[in-house]
Amino acid sequence: MQDPPTLSTRILDDLLRVGGEAFVRELFGGLDDLAPDLIRKASACLADGDAAGVRAHVHNLKGVAANLGALPLAQAAERALTAVVEESGADAALADLRGRWAELRVELLARGFIAGP
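Given the structure is predicted, the values throughout are model-derived calculations rather than measurements.

How each quantity is defined
- Residues numbered from 1 in each chain as written.
- Predicted model: local features only at pLDDT ≥ 70, side-chain atom pairs only at ≥ 80, totals over all residues.
- Heavy atoms only, no water.
- Core = buried A, V, L, I, M, F, W, Y, C linked by side-chain atoms within 4.5 Å.
- Buried < 20%, exposed > 50% of the residue type's maximum accessible area, 1.4 Å probe, protein only.
- Helix = DSSP H or I, 4+ residues; strand = E, 2+ residues; numbered from the N terminus.
- Contact = heavy atoms within 4.5 Å.
- Axes fitted to C-alpha atoms, helices over the stretch in contact; angles between N-to-C directions.
- Parallel < 35°, antiparallel > 145°, perpendicular 65-115°, else oblique.
- Left-handed = near helix turned anticlockwise from the far one by under 90°.
- Nonpolar A, V, L, I, M, F, W, Y, C, P; charged D, E, K, R; others polar.
- 1 Å grid on protein atoms, 1.4 Å probe; cavity = no way out; pocket = protein on both sides within 12 Å on 5 of 7 lines; lining within 4 Å.
- Points joined across faces, edges and corners; volume = space filled by probe spheres on them.
- Salt bridge = Lys/Arg side-chain N within 4 Å of Asp/Glu carboxyl O.

(A) Expanded view of the nonpolar core. Grouped together as the largest cluster of nonpolar side chains are 35 residues, with contacts concentrated most on Phe 28, Val 58 and Leu 97. Going through the elements one at a time, helix H1 (9–47), helix H2 (51–67), helix H3 (71–86) and helix H4 (90–111) are the ones with two or more residues in this core. Sorting elements by how many residues they give to this core places H1 first, with 11 residues. In contact with Leu 97, other than residues within four places in its own chain, are Ile 39, Val 58, Leu 61, Leu 73, Ala 76 and Ala 77.

Below, the structure is given as structure tokens:
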């Protein structure tokens, strides 16, 4: 089975229609600033045993990702939240979240929605 696309075409089309390409670049530029920081903070909280901190950072990322149509990233965040709540597999779930972010970032770069590297 093939992985879902990193971006929802419907949501991306809606964002482009509402605000144009410059608006979409601004939104994804914000995500490019935010996502690595939230993932880094969530990982630090996990290492410190701060489950509430992990949940807060991952929940924030989940919401932003879902609103921008980055559904696989939002789904990975949901899995990370579940792992933290269930106290099982949080390290692996955060690693998956980092991987999904890396995949999305490659697509955003290819589409010109964020600047490299």
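(B) Representation of the packing of H1 against H4 within the structure. With their axes 11 Å apart at the nearest point, H1 and H4 run at an angle of 150° to one another. One finds that H1 runs roughly antiparallel with respect to H4. In the crossing of H1 with H4, the sense of the turn from one axis to the other is left-handed. On H4, the residues that touch Leu 12, Phe 28, Leu 31, Asp 32, Ala 35, Pro 36, Ile 39, Ala 42, Ser 43 and Leu 46 of H1 are Ala 90, Asp 91, Leu 94, Leu 97, Arg 98, Trp 101, Leu 104, Arg 105, Leu 108 and Arg 111. In terms of residue class, the contact of H1 with H4 is built from 14 nonpolar, 1 polar and 5 charged.

(C) Main features of empty space enclosed by the protein. Overall, the coordinates contain 1 cavity of 30 Å³ or more when judged by the stated rule. By volume, the largest cavity amounts to about 30 Å³. As for the largest cavity, its lining consists of Thr 6, Ala 70, Pro 72, Leu 73, Arg 100, Glu 103 and Leu 104. For the lining of the largest cavity, the elements supplying multiple residues, two or more each, are H3 and H4.

(D) Geometry of the pattern of salt bridges. Overall, the coordinates contain 11 salt bridges when judged by the stated rule. Ionic pairing is found between Arg 25 and Glu 21, a salt bridge with its closest N-O pair at 3.2 Å. Remark: Glu 21 and Arg 25 occur in helix H1; sequence separation between them is 4 residues, near one turn of the helix. Using a relative accessible area of 36% as the deciding quantity, one classes Arg 25 as partly exposed. Residue Glu 21 is classed as partly exposed on the basis of its relative accessible area of 44%. A salt bridge links Asp 37 to Arg 40; the shortest N-O distance between them is 3.8 Å. Placement of both Asp 37 and Arg 40 in helix H1 is noted, with a separation of 3 residues, approximately one turn of the helix. On the basis of relative accessibility, which here comes to 25%, the residue Asp 37 falls in the partly exposed class. Taking relative accessible area as the criterion, Arg 40 reaches 54% and is therefore assigned exposed. Through salt bridges with shared partners, one network takes in Arg 79, Asp 96, Arg 100 and Glu 103.

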